[in-house]
Amino acid sequence: MEAKGTFEVKLDPQSDLEAPAGRMIINKSYSGDFVGTGKGQMLSKRTPSGSAVYSAIEEVEGKISDLSGSFTLIHLGSMSSEGQSLEVKIVNGSGTGDFENISGTLDIIQADGNHSYVLNYSL
């Protein structure tokens, strides 16, 4: 199954002076086929050469049609002169409510300063 829509994201940088990576608090508001919120934390690192990596854990809660519940997303992204990749997966066993047995992936699309998503899932 597939759910599509847009989301707004607010990233709040955290001050971790002793850590070798940046940390941010994630707050998202999803609209479209999936309506809900996402909250989490992101760790990121950019090298002097411009390569970068990030990982995040996001707790998502909301509704698709008459189904409601929550699940966890794990993000893993990288960027270098050779290209970039982003993989966002639903953590198996993390679903609650109507999403108890959910599995799948989330594609994030960035265009013209806007964010949209395609949630590919099965229950």
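Preceding block: the structure.
Reference entry: report on the structure contained in this document. (Residues numbered from 1 in each chain as written. Predicted model: local features only at pLDDT ≥ 70, side-chain atom pairs only at ≥ 80, totals over all residues. Heavy atoms only, no water.)

Below, the discussion takes up the pairing of strand S1 (residues 2-14). Alignment of S1 against strand S9 (residues 114-122), held across 6 bridges, turns out to be antiparallel. In the sheet register, Glu2 faces S9, and the bridge partner there is Asn120. Examined bridge by bridge, S1 and strand S2 (residues 22-32) share 10 bridges and lie antiparallel to one another. Within S2, the position partnered with Gln14 by the bridge is Arg23. (Pairing = 2+ DSSP bridges. Helix = DSSP H or I, 4+ residues; strand = E, 2+ residues; numbered from the N terminus.)

Attention now moves to the nonpolar core. With 16 residues, the main nonpolar core has Tyr30, Phe34, Phe71, Leu73 and Leu119 as its most contacted residues. Contributing elements (two or more residues each) for this core: S1, strand S4 (52-64), strand S5 (67-80), strand S6 (83-90) and S9. Top contributing element to this core by residue count: S9, with 3 residues. When sequence neighbours within four positions are dropped, the list of residues in contact with Leu119 reads Met1, Glu2, Ala3, Ile64, Phe71, Ile90, Thr105 and Leu106. (Core = buried A, V, L, I, M, F, W, Y, C linked by side-chain atoms within 4.5 Å. Buried < 20%, exposed > 50% of the residue type's maximum accessible area, 1.4 Å probe, protein only. Contact = heavy atoms within 4.5 Å.)

Turning next to the packing of aromatic side chains. For the coordinates displayed, the defined rule picks out 5 aromatic pairs. When the ring of Phe71 is compared with that of Phe99, the centres are 5.7 Å apart and the planes differ by 80 degrees; the resulting orientation is edge-to-face. Taken together, the residues span a long stretch of sequence, with Phe71 in strand S5 and Phe99 in the loop between strand S7 (96-97) and strand S8 (103-111) at a distance of 28 residues. For Phe71, a relative accessible area of 2% translates into the label buried. When its relative accessible area of 0% is taken as the criterion, Phe99 is described as buried. Put simply, the rings of Phe7, Tyr30, Phe34, Phe71, Phe99 and Tyr117 touch in pairs and so form one group of aromatic residues. (Phe/Tyr/Trp six-rings, centres within 6.5 Å; stacked < 30°, edge-to-face > 60°.)

Moving on, we get to the pairing of S2. On any regular strand, side chains alternate: one points to one face of the sheet, the next to the other face. Relative to strand S3 (residues 34-46), S2 runs antiparallel, the two being bridged by 9 bridges. Across the sheet, the residue bridging to Gly22 is Ser44, located in S3. Linking two consecutive strands that pair antiparallel, namely S2 and S3, is a turn of 1 residue.

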